[in-house]
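Structural overview for review
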Amino acid sequence: MSADVMSADVVIVGAGSAGCVLAEKLSRAPGRHVVLLERGPGRWPGPEERDLRRLPIGDHAPYAVRHTTDLDGLTAARGCAIGGSSAVNGGYFLRWHPEDFADWPDSWGLDAIDAAYSELDGGGGGGTMSVSPVSDDELGDAGRAFERYWSARTAVRSLRDRWPVVGVNRVLGNRSGMLRRTAAEAYLDQALDRPNLRVVPDCEVRRLEVAGRRRVTGVHTERFTVRAGEVVLAGGTLGTAQLLLASDLESLGGAAFLAAGEHRGLAVSYRRKEPAEPGMVLPTVLHTDDGLEIRCYRDDFATYIDGLPRSGSMVEVTAMHRSPVRLVAGDERVRLEFGEPSAEAAAAMRAGADEVVEMLHSSEFAGIVVPDSVSVAAVPGFSQHAWGTMPMGVRTDALGAVHGTEGLRIVDGSILPTGGRSGPHATIMMVAVHIGNRLSDTG
Ligand SMILES: Cc1cc2nc3c(=O)[nH]c(=O)nc-3n(C[C@H](O)[C@H](O)[C@H](O)COP(=O)(O)OP(=O)(O)OC[C@H]3O[C@@H](n4cnc5c(N)ncnc54)[C@H](O)[C@@H]3O)c2cc1C
């Protein structure tokens, strides 16, 4: 084998939320040689970057990349690090609602889903991701007012419940105190000494090596090629889409873009009378029966992200229905092109924003909000959540093996077959835990 060709049983592309889980689980069998390729730097994010009082995705951020979009002035950020987006995200780690899995492939029963979540969150606290709820002291004044307002009107999840409810859901964080716990610390760290696992940072995969348009035999990076019995794409929905579109696969039929889902959100902004206390960006949310997640952010995002102009504190009315976004192939990274939000999402957001305006004018918020400073955004923004380009049960099997292409599996946000009513992080890791366990049993 020449120096610029490496071989492995499995090559995993991307050491992110899902990739770190898979690398640990697949390398448990000492005879299976696993290579994990990551475009981000070899130095792991330190305490400064993992501080949950910051989102390290701003100007000159060392562990993030940005994708252009067609929404004025908005870009999409993603982690570019050992740990991937788990190294830069908001640290909110909520399960989806049990009903959100109704249309998943049959082999994804609720018991298996609960077991995989429980590995991560300990069934409501602890687990590999060291999950704990935001405490009363950590809520901040806006979070306290939000919970007081809604608890008089709807249900409140007990902190002992493992599943979210329609009602108020105090956020659970993956953290040690105020430090984000990343997928790399939770999974990859314990596997680093294994002789059958090789982790290569600073290594961007450019395209897949494909034989006859139907069989993937490895990956090409700028420096070398890795040949493997199986390629597992864990580059995140955006990173994986770029690789799929850059490679000559018959199953994609020469597509110029992949269709994904996003969560669109209407920002209701206000000015504060007094500066907010520092803390986690999102301490508490409301889930409504018409599919909204109403997010009570602690403060102006400019407090969290370097280089962002101030735009006011915010409550965001996010439609957890699937709104469309096209991931269009670029030279290096996909570009996001949004259509209109779905009609269902647009109507729900508008109605939700009216309720939030009323809430911000209530007595609970009187000591916080400057009178007459409340305004609703004209155009909905989006969450950093694009998912579902290669849904399980449609374009892959229930363990992510791509239909019509041998030797290729996808395990990351791309294969979520539906959206859920909470953010995606816990669920993408849950998917990786379940698939990783199944593959390590059979491998
Ligand atoms: C700023 C931000 C805040 C967020 N906050 C929350 C939150 O609080 N709660 C929540 O539920 N969700 C949140 N999310 C979403 C959540 O973090 C992601 O959906 C989840 O981490 C995605 O996991 P993944 O494994 O699919 O991809 P990622 O974790 O993004 O991992 C992909 C990895 O692959 C690497 N990679 C990509 N392409 C290549 C290539 N060609 N070659 C080599 N390596 C490659 C990347 O560098 C990265 O390390 C947030 C996302 C962002 C960006």
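For clarity, every value in this text was computed on a predicted model and none was experimentally measured.

Here is what the cut-offs are and how they apply
Per-chain numbering applies: the sequence of each chain, read as written, is numbered from 1 onward. Selection of residues for local features in this predicted model requires a pLDDT of at least 70, selection of side-chain atom pairs for listing and counting requires 80 or more, and totals for whole chains, interfaces and linings are taken over all residues. Processing note: side-chain calculations cover all non-hydrogen atoms of the structure and skip hydrogens and water entirely. Secondary structure elements follow DSSP: runs of H or I of four or more residues count as helices, runs of E of two or more count as strands, with numbering from the N terminus. Under the scheme applied here, a residue whose accessible area is under 20% of the maximum for its type counts as buried, over 50% as exposed, and between as partly exposed, the area being computed with a 1.4 Å probe on protein chains only. UniProt positions are given in the numbering used here, feature names are shortened, and annotations may be inferred rather than shown by experiment. Only heavy atoms enter the contact rule, under which two residues are in contact if any of them lie within 4.5 Å. By convention in these notes, a residue is near a molecule or strand provided one of its non-hydrogen atoms lies within 4 Å of it. Polar contact is the term for a pair of N or O atoms within 3.5 Å; when the atoms are in protein, one must be able to donate a hydrogen and the other to accept it, and sequence-neighboring residues count only if both atoms are side-chain atoms. Where accessible areas are quoted, they stem from the Shrake-Rupley method and a 1.4 Å probe; at the residue level, only the protein chains shown are allowed to cover. Method remark: on a 1 Å grid restricted to protein atoms, a set of points is classed as a cavity if a 1.4 Å probe fits but cannot get out and as a pocket if it is open with protein on both sides within 12 Å along at least five of seven lines; lining residues have an atom within 4 Å of a point. Grid points are joined across faces, edges and corners, and a volume is the space filled by probe spheres set on the points. Following the grouping adopted for this structure description, the nonpolar residues are Ala, Val, Leu, Ile, Met, Phe, Trp, Tyr, Cys and Pro, the charged ones are Asp, Glu, Lys and Arg, and the polar ones are all others, Gly among them. Under the convention used throughout, the expected extent of a helix is 1.5 Å for every residue step, that is, one less than its residue count. Here the term patch refers to residues with relative accessible area over 30% and no salt bridge, with like charges joined within 9 Å and nonpolar side chains (Val, Leu, Ile, Met, Phe, Trp, Tyr) within 5 Å. Salt bridges are defined by distance alone: a side-chain nitrogen of Lys or Arg within 4 Å of a carboxyl oxygen of Asp or Glu. Working convention for charge: Lys and Arg count positive, Asp and Glu count negative, and His plus the chain ends are omitted. For this purpose, a charge sits on NZ of Lys, CZ of Arg, CG of Asp or CD of Glu. Angles here are taken between N-to-C directions and fall from 0 to 180 degrees, while the axes themselves are lines fitted to C-alpha atoms, restricted in helices to the stretch in contact. The scheme is simple: roughly parallel for angles under 35 degrees, roughly antiparallel for over 145, roughly perpendicular for 65 to 115, oblique for anything else. Should the near helix be turned counterclockwise from the far one by less than a right angle, the crossing is left-handed, whereas a clockwise turn marks it as right-handed. Only rings of Phe, Tyr and Trp enter the pairing, Trp through its six-membered ring, and a pair is recorded when the two centres are within 6.5 Å. The plane angle decides the type: under 30 degrees is stacked, over 60 is edge-to-face, the rest tilted. We count a charge as sitting over a ring when the NZ of a lysine or the CZ of an arginine lies within 6 Å of the ring centre and within 35 degrees of the ring normal. Strands are treated as partners if at least two bridges between them are detected by DSSP.

Turning next to unusual backbone geometry. Non-glycine residue R213 carries a positive phi angle of around 65 degrees. Within the secondary structure, R213 sits in the loop between β10 (205-211) and β11 (215-221). With a relative accessible area of 31%, R213 lands in the partly exposed category. You will see that D372, though not glycine, has its phi angle at about 65 degrees, which is positive. Following the sequence through the fold, D372 ends up in the loop between α7 (343-360) and β18 (375-376).

The feature "domain: Glucose-methanol-choline oxidoreductase N-terminal" (unreviewed entry), as annotated in UniProt, sits at residues 9-249 in this numbering. With 23% helix and 25% strand, residues 9-249 has its two end C-alpha atoms placed 21 Å apart.

Turning our attention to the UniProt feature "binding site: FAD" (unreviewed entry) in the chain. As annotated by UniProt and renumbered to match this structure, "binding site: FAD" (unreviewed entry) occupies V205. Mapped onto the fold, V205 is located in strand β10. On the basis of relative accessible area, V205 is assigned to the buried category, the value being 9%. Excluding its chain neighbours within four sequence positions, the residues that come into contact with V205 are V13, L37, V219, H220, T221 and L243.

Note that an α-helix has 3.6 residues per turn; residues three or four places apart therefore point the same way. Burial analysis of helix α6 (residues 236-246) places nine of its 11 residues in the buried class, which makes it a mostly covered element. Taken together, the buried positions of α6 are occupied by T237, L238, G239, T240, A241, Q242, L243, L244 and L245.

So, on to the site of the ligand. Around the ligand, the structure places 36 residues, and the nearest of them are S17, E38, R39, S85 and H425. Taking N89, its side chain carries an N or O atom lying 2.9 Å from an oxygen atom of the ligand. Between the ligand and P424, the relevant distance is 3.3 Å, taken from an oxygen atom to a main-chain nitrogen or oxygen of the residue. Look at the ligand: alone it shows 1,000 Å² of surface, and the protein chains cover 95% of it. Where the shell around the ligand is concerned, the elements lending two or more residues are α1 (17-26), β4 (75-79), α6 and α8 (425-442). In terms of residue count, α6 provides more of the shell around the ligand than any other element does, three residues in total.

A few words now on the layout of surface pockets. Gaps left between atoms are located by rolling a probe of water-molecule size over the structure's atoms. Space inside the second largest pocket adds up to approximately 210 Å³. Along the walls of the second largest pocket sit 14 residues, with E48, E49, R54, P56 and D306 positioned nearest its centre. For the lining of the second largest pocket, a count of residues per class yields seven nonpolar, two polar and five charged.

If you check helix α4 (residues 140-151), its first and last C-alpha atoms are 16 Å apart, about what 12 residues at 1.5 Å a residue would give, namely 16 Å. Within the sequence span of α4, burial applies to G140, A142, G143, A145, F146, E147, Y149 and W150. Of the surrounding secondary structure, the elements contacted by the buried residues of α4 are β6 (167-170), β13 (257-270), β14 (284-287), β15 (292-296) and α7.

A cluster of like negative charges, contributed by D289, D290, E344, D354, E355 and E358, occupies part of the molecular surface. For E355, the position within the fold is in helix α7.

Further remarks concern the packing of α4 against α7. Two elements in contact, α4 and α7, have axes whose closest approach is 11 Å; the angle formed by their N-to-C orientations is 110 degrees. By the angle between their axes, α4 is roughly perpendicular relative to α7. In the packing of α4 onto α7, the handedness of the crossing is right-handed. Together, F146, Y149 and W150 of α4 and E355, E358 and M359 of α7 make up the contact between the two elements. Looking at the contact of α4 with α7 residue by residue, the class counts come to four nonpolar, no polar and two charged.

In this section: the packing of aromatic side chains. Applying the stated criterion across every chain, the model contains nine aromatic pairs. Here the aromatic rings of W96 and F101 are separated by 5.7 Å at their centres, their planes lie at 25 degrees, and the arrangement is stacked. Across the pair, F101 and W96 agree in class, each one buried. Through a chain of ring-to-ring contacts, three or more aromatic side chains come together here, namely W96, F101, W104, W108, Y117 and W163. Geometry around Y149 places R153 over its ring, the cationic atom sitting 3.6 Å from the centre. A cation over an aromatic ring shows up here: R326 above the ring of F257, its NZ or CZ 3.9 Å from the ring centre.

What follows deals with the sheet that holds strand β5 (residues 131-133). Reading across the sheet, the three strands line up as β5-β7-β8 and stay open at both edges, with antiparallel pairing between neighbours. Whereas interior strands pair on both sides, the edge strands pair on one side only; in this sheet they are β5 and β8 (179-180). In this sheet, β8 lies alongside strand β7 (residues 172-176) in antiparallel orientation, the contact comprising two bridges. Its bridge partner being in β8, R175 is matched across the sheet by R180.

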